[in-house]
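Spelled out from the first residue to the last, the chains are:
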Amino acid sequence: WLKFRRAQLLEALKHFWVYVPTGLNQGIEALLGYLSAEDDWNPVGGKLSGEIVSLRKKSGVSLVAVAKKVPQHLVPWISQLSEAVRMHLSSNTLLSPNKMHLYEFLSCIATAIQDPVARANFVADVLSDAIGVLESADFKQNVSTPESFLAWLGITEAGSNPASATNPQNVQKVTRSFDRAFSALNQLLSVGKRCHE
C-alpha cells in the first residue's frame, strides 16, 4: 500500500521537477522497479493479487505522466533509460498495459530530443520490435487475404469444427499470435500519438 502511495507522490512531483529535477532519476528508477514488484500478498505464485496489479498499472501511468511533463530532463539519461526499458520488456512477468506504458514513456522522452535525425533514429529503435512483427512473412501471409485472416484468427476452423473454439491448445495458439500482432499495432499507434503531441 505504501508503494502505491509513493507512486502517486512521484507522479505529483512532476510539477516540482519541471523547475528542479533533483531526485528525478531516483523517482524514475523507483517507478520502473515497481513495474516488476514482487507480490507480497500472494507469495505462493500464480495469479497476481489486485494490489500488485494496481501498483504496477499506477507506476506505468505515473512514468508516462512524468515523462510528458519533464522529457527535457530525462534526455541526458536516455541510454540508461532505454536499457532499463529493454530489460523490463524482455521480462515474462510484465503486464501488457505496462509494455505500452514503457513504449509511451520512451516516446515522450523522444519529443525532447532536439536533433531530428537522432530523434527519428531513437523512435525507430523503440519501434524496431513492433515493425519486425508487422514486416514478418508470417504476419504478411496471415493478413494477405480475408480467407487467410479468418483462418489465422481461428474463425474458419471454428466454423467447420466448433470444438476447436474450446480446445485449450488451439485457443492459446490463436491468442498468442493475435496478441503479438495486436501489441505491435498498438505500439505503433501509441508511439505515433505521443510523438505527434
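Residues numbered from 1 in each chain as written. Predicted model: local features only at pLDDT ≥ 70, side-chain atom pairs only at ≥ 80, totals over all residues. Heavy atoms only, no water.

Some details on the packing of helix 1 (residues 2-12) against helix 4 (residues 50-69)
The condition is simple: Every axis corresponds to a line fitted to the C-alpha atoms, with the helix fit spanning only the stretch in contact, and the corresponding angles, defined between N-to-C directions, vary from 0 to 180 degrees. For helices the rule is a DSSP run of H or I covering at least 4 residues; for strands it is a run of E covering at least 2, with both sets numbered from the N terminus onward. Angles below 35 degrees are treated as roughly parallel, those above 145 as roughly antiparallel, those between 65 and 115 as roughly perpendicular, and all remaining angles as oblique. Residues count as neighbours in contact if any of their non-hydrogen atoms are within 4.5 Å of one another. All residues other than Ala, Val, Leu, Ile, Met, Phe, Trp, Tyr, Cys, Pro, Asp, Glu, Lys and Arg, Gly among them, are scored as polar; the first ten of these are nonpolar and the last four charged.
Running from N to C, helix 1 and helix 4 point in directions that differ by 10°, and their axes come no closer than 9 Å. Looking at the two axes, helix 1 sits roughly parallel to helix 4. Residues Lys3, Phe4, Ala7, Gln8, Leu10 and Glu11 of helix 1 pack against Ser54, Leu55, Lys58, Ser59, Ser62, Ala65 and Val66 of helix 4. A per-class count over the contact of helix 1 with helix 4 returns six nonpolar, four polar and three charged.

A closer look at the pattern of salt bridges
Spelled out, the test is: Whenever Lys or Arg places a side-chain nitrogen within 4 Å of a carboxyl oxygen from Asp or Glu, that contact is recorded as a salt bridge. Accessibility here uses a 1.4 Å probe with only protein chains present; expressed as a share of the type maximum, an area under 20% marks a residue as buried, one over 50% as exposed, and anything in between as partly exposed.
Applying the stated rule across the entire model yields two salt bridges. Of the charged contacts in the structure, one is a salt bridge between Glu11 and Lys14, with a shortest N-O distance of 4.0 Å. Given a relative accessible area of 15%, Glu11 falls into the buried group. Residue Lys14 is classed as buried on the basis of its relative accessible area, which comes to 16%. One salt bridge connects Lys58 with Glu11, and the closest N-O pair in it is separated by 2.7 Å. Taken as a pair, Lys58 in helix 4 and Glu11 in helix 1 lie far apart in primary sequence, 47 residues in all.

Quick notes on helix 7 (residues 96-110)
Heads up, the condition is: Here the expected length of a helix is defined as 1.5 Å per residue gap, with one fewer gap than residues.
Relative to the 21 Å expected for 15 residues at 1.5 Å per residue, helix 7 spans 22 Å between its end C-alpha atoms, a close match to the ideal helical length. Along helix 7, twelve of the 15 residues are buried, which leaves the element largely enclosed by surrounding structure. Listing the buried residues of helix 7 in full gives Asn98, Met100, His101, Leu102, Tyr103, Glu104, Phe105, Leu106, Ser107, Cys108, Ile109 and Ala110.

Overview of the packing of aromatic side chains
Cut-off, in case you're wondering: Here is the rule: rings of Phe, Tyr and Trp (six-membered ring for Trp) pair when centre to centre is within 6.5 Å. Planes less than 30 degrees apart are stacked, more than 60 are edge-to-face, and the remainder are tilted.
Inspection of the entire model under this criterion finds four aromatic pairs. Consider the rings of Phe149 and Trp152, whose centres lie 5.8 Å apart with planes at 45°: the pair is tilted. Here Phe149 and its partner Trp152 are both found in helix 11 (residues 146-152), three residues apart, which amounts to about one turn of the helix. Judged by its relative accessible area of 13%, Trp152 falls in the buried class. Summarising the aromatic geometry, the rings of Trp152 and Phe178 are spaced 6.4 Å apart at their centres and angled 50° between planes, so their arrangement reads as tilted. With Trp152 in helix 11 and Phe178 in helix 13 (residues 168-196), the pair connects residues that are 26 residues apart, well separated along the chain. For Phe178, a relative accessible area of 38% translates into the label partly exposed. Ring pairing ties together the aromatic residues Phe139, Phe149, Trp152, Phe178 and Phe182, which thus form one cluster.

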